[in-house]
Amino acid sequence: MTGALGDSDQVAVRDLTYEDLEWVAQRERDIFGLSAWSIGLIREDFTHGFSRWRGIEVDGLLSGYAVYGFEGDAFHLMNLAIVPEAQRQGLGKVLMEDFLAEATRVQAPDAWLEVAVTNRSALALYRTYGFEDVRIRARYYQPEGVDALVMRKRLR
């Protein structure tokens, strides 16, 4: 899939299942390289964590995913990824709207995330949704040592 979504494309967001985790792990490696979450970490968080794992499908094919939920008392977007061939079609916006709808539903006062300072497209997406810079976490993404920008959106 390349180019803009057409009127006939069916886009759906759904909860991921345990059977989807191998797909997620492969996409992690493809998209994030050395910083990718391992299959062990993915399975552990999916099984025992307090996160919600969401997938976005286009015409029945998984094209991206988001992981979010409470980290302590903060409602947090832990991961959002769209497969390269489906990027720049608005799928990230759909997952952001899903994340923010859930934050509103659970009455979180704020929504939080970290993003690599080098990820310009993600930074632009998050700023479009009203996220503001809070601080830098030096060398947050390992092993590359890339800084993360912590961002917050006040919800109430």
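What counts, and where the lines are drawn
- Residues numbered from 1 in each chain as written.
- Predicted model: local features only at pLDDT ≥ 70, side-chain atom pairs only at ≥ 80, totals over all residues.
- Heavy atoms only, no water.
- Helix = DSSP H or I, 4+ residues; strand = E, 2+ residues; numbered from the N terminus.
- Expected span 1.5 Å × (residues − 1).
- Buried < 20%, exposed > 50% of the residue type's maximum accessible area, 1.4 Å probe, protein only.
- Arc of directions from axis to C-beta.
- Contact = heavy atoms within 4.5 Å.

(A) Quick look at helix H1 (residues 21-32). Look at H1: 16 Å from first C-alpha to last across twelve residues, which is about the 16 Å you get at 1.5 Å a residue. Residues Leu21, Val24, Ala25, Arg27 and Glu28 constitute the buried set of H1. Considered in projection along H1, the buried side chains sweep an arc of 165 degrees and stay on one side of the axis. On its buried side, H1 packs onto helix H2 (39-48), strand S2 (51-58), strand S3 (61-71) and strand S4 (74-82). Residue Gly33 follows H1 closely and has a positive phi angle near 55 degrees.

(B) Structural context of helix H4 (residues 120-128). Three or more residues of H4 are buried, namely Ala122, Leu123, Leu125 and Tyr126. Axial view of H4: buried residues confined to an arc of 160 degrees, hence all on one face. When the buried face of H4 is taken as reference, the exposed residues oriented beyond 90 degrees from it are Arg120 and Thr128. Elements that come into contact with the buried residues of H4 comprise S4, helix H3 (91-105), strand S5 (110-116) and strand S7 (146-154). Directly beyond the C-terminal end of H4, a positive phi value near 90 degrees is found at Gly130.

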